[in-house]
Every structure is written in structure tokens, then in C-alpha cells.
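# Secondary and tertiary structure notes
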Amino acid sequence: MNIKITIAIDGYSSTGKSTIAKQLANQLGYVYVDSGAMYRAMTFFAMKNEFISKDHFDVTSLIENLDKAQLKFIYNPSIGFAEMYLNDENIEKAIRTLEVSNFVSQVAAISEVRKKLVTIQKEMGKNKGVVMDGRDIGTVVFTDAEIKIFMTSSAETRAKRRFDELIEKGQEVSYDDVYTNVVARDRVDTTRKDSPLVKADEAIEIDNSNLTKEEQFAIILKLVEEKLRDV
Ligand code: DC
């Protein structure tokens, strides 16, 4: 089977998009791209340069310095996926903190940031054979993706998942803080002016509140296999 397609997976935060995207990419031998990691990397860049903090956001300085942020994904064979680098520093762990999560929606709302990242994302997907997850992949980045999935589940389920993940990574967080972050990001991500999170008309919606990872994978893989038979 050598025809390659593009798979766009969008949805709310912590809906398990990256889990399913990685499973699909492994199964199909495709490249997996976590576009959220790129927005997190730009947020880390803004924090490091003190453009953003709890009580200020210097949007002008962030925009003026965008070209100083070189983003790269480098595949790590020991974990089976690519890690995020900012100016040659591995920031994979640093971008997964609740602190970055608390600022990322503000940074992701800036059009200049989006323009820079969307350009890189389109380039990464130009030869197809890509599974990319995010918020605007089916609506902006790959409008012609052969498969578009829109993932949902309740805010409580998502907060519990994210909380368990952070605790497992050894981070000290409270469930309430994680829940507050999930709800706040939903609000900013769906109401921003530029590329808000919306379901693409042709996207297939999957609510996985009551699905195991295996059940979800089976449903989506079936959709992909049907599509691959048609193209
Ligand atoms: O997928 P994630 O939770 O790691 O994404 C972090 C944030 O980045 C999310 O709250 C919104 C933003 N984002 C975006 O605006 N567009 C994307 N394609 C991916 C992520």
C-alpha cells in the first residue's frame, strides 16, 4: 500500500489526540506531528525571554523576536517519537508543565505566531504520510486532508486524564488547578479570532469519554483503512 494520505486530528485539550495520532502513525508508518508542542515551544520561548508572565504579556516584543525561535522535531528512537527542540535545546519535558499550559492559549491566539507555525506545519505535510494533531489542522493547515477527526470528551474526564499524566511525571499539581486550566483553554481556544477550534464540516466526531484506547484505535483505524481502499 504505497498511497499516502494526510490525517488531521483536532479537538479539545486532553482528549487523547496525541495517543491516537501516535498509534496511527506507528501502524501506517507515517510521520506524527504534535502541533501543540510547537505552540508550547513558542510559549516557553516567550516565558524564557520574559515576554509573558502572570501579570504581563508583551506581544510586540514576542512578534519582533519570532525569528529568533528556531523549532525542530528530532526523532528519539528510544521513545518512538520526535521531541521538540528550541534553538537546539531539548525542551520536550519543559513544555509539558502546567505553567506552560497556563500561558499557551494566549500565545496561540497571536496571528503572527500562528502564521509562522502553520507555514512550518504545511511544509512538514507536503508529501503526505502525516498524522498531525492540534486545533486547526483540518480547518486551516490541511484543509484537503483525506481524513479529519474531531475528538471530544467531558471536561472532567479530560482533567482527570491530564492530572494523572502530570502526577505520573512527578509534577506537583492539584486536580482543581488542572480542571481550571482545561476549561480556561477550551474557552480561549474556541473563541479566539484567528483559527478558533471548530469542527471542520467533514470531520468525524469521536466522543471518547466511554471508550478505551483500544476501542478508539479500532474505530479510527477502520475509518482510515476504508479511506485507503477508496483513494
Ligand atoms: O495539544 P496541546 O494541548 O499540547 O496544545 C497546547 C495549546 O496550543 C492549546 O491549548 C491550543 C494551542 N494549539 C493551537 O492553537 N493550535 C494547534 N494546532 C495546536 C495547539
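Just above, that's the structure.
An account of the accompanying structure is given in this report. (Residues numbered from 1 in each chain as written. Predicted model: local features only at pLDDT ≥ 70, side-chain atom pairs only at ≥ 80, totals over all residues. Heavy atoms only, no water.)

The helix and strand tally for the protein stands at nine helices and 10 strands. Its C-alpha atoms give the protein a radius of gyration of 17 Å, within 12% of the compact-globule value 17 Å for 231 residues. Once the C-alpha set of the protein is aligned to its principal axes, its extents read approximately 50 × 40 × 35 Å. The buried share of the protein, reckoned over its 231 residues, is 48%. Sequence-distant contacts, at least 24 apart, represent 72% of the contacts inside the protein between residues at least 6 apart. Carbon together with sulfur atoms contributes 50% to the accessible area of the protein, which is approximately 11,700 Å² in total. Each charge class in the protein can be summarised by its mean position, and for the 32 positive and 37 negative side chains these summaries are 2 Å apart. (Helix = DSSP H or I, 4+ residues; strand = E, 2+ residues; numbered from the N terminus. Rg over C-alpha atoms; globule rule 2.2 N^0.38 Å. Buried < 20%, exposed > 50% of the residue type's maximum accessible area, 1.4 Å probe, protein only. Contact = heavy atoms within 4.5 Å. Areas by Shrake-Rupley, 256 points an atom, 1.4 Å probe, with all protein chains shown as cover. Lys, Arg positive; Asp, Glu negative; His and termini not counted. Charge placed at Lys NZ, Arg CZ, Asp CG, Glu CD.)

Another point: the packing of aromatic side chains. Tallying each qualifying case throughout the model produces four aromatic pairs. Taking 6.2 Å as the distance between ring centres and 65° as the angle between the ring planes, the aromatic pair formed by Phe45 and Phe51 counts as edge-to-face. Side by side, Phe45 and Phe51 carry an identical accessibility label, which is buried. The ring of Phe81 carries Lys22 above its face, with NZ or CZ at 3.9 Å from the centroid. (Phe/Tyr/Trp six-rings, centres within 6.5 Å; stacked < 30°, edge-to-face > 60°. Lys NZ or Arg CZ within 6 Å of the ring centre and 35° of its normal.)

Let's shift gears to the pattern of salt bridges. In the structure shown here, the tally under the stated rule is 14 salt bridges. In this structure, the salt-bridge partner of Lys48 is Glu89, at a minimum N-O distance of 3.0 Å. Within this pair, whereas Lys48 is found in helix α2 (residues 35–48), its partner Glu89 is found in strand β7 (residues 89–90), the two being separated by 41 residues in sequence. Glu89 sits in the partly exposed class, given a relative accessible area of 34%. Salt-bridge contacts for Glu165 lead to Arg162; the nearest nitrogen and oxygen are separated by 3.6 Å. Placement of both Glu165 and Arg162 in helix α7 (residues 155–168) is noted, with a separation of three residues, approximately one turn of the helix. The exposure class of Glu165 is partly exposed, given its relative accessible area of 39%. Residue classification places Arg162 among the buried positions, given a relative accessible area of 17%. Overlapping salt bridges bring together Asp34, Glu92 and Arg96 as one network. (Salt bridge = Lys/Arg side-chain N within 4 Å of Asp/Glu carboxyl O.)

Further remarks concern the sheet that holds strand β5 (residues 71–76). Overall, antiparallel pairing links the three strands, which are arranged β5-β6-β7 in an open sheet. Edge positions in the sheet fall to β5 and β7, since each of these pairs with one other strand and no more. Pairing of β5 with strand β6 (residues 81–86), which is carried by six bridges, proceeds in the antiparallel orientation. Bridge pairing links Tyr75 to Ala82 in β6. (Pairing = 2+ DSSP bridges.)

Turning next to the site of the ligand. Taken together, 15 residues lie around the ligand, and Arg40, Arg114, Asp136, Asp189 and Arg192 are the ones closest in. The side chain of Ser35 places a nitrogen or oxygen atom 3.0 Å from a nitrogen atom of the ligand. Arg192 places a side-chain nitrogen or oxygen 2.8 Å from an oxygen atom of the ligand. When residues of the shell around the ligand are traced back to their parent elements, those giving at least two are α2, α4 (98–108) and α8 (175–191). Ranked by residue count, the leading element in the shell around the ligand is α2, at four residues. (Near = heavy atom within 4 Å. Polar contact = N/O pair within 3.5 Å; in protein donor to acceptor, adjacent residues only side chain to side chain.)

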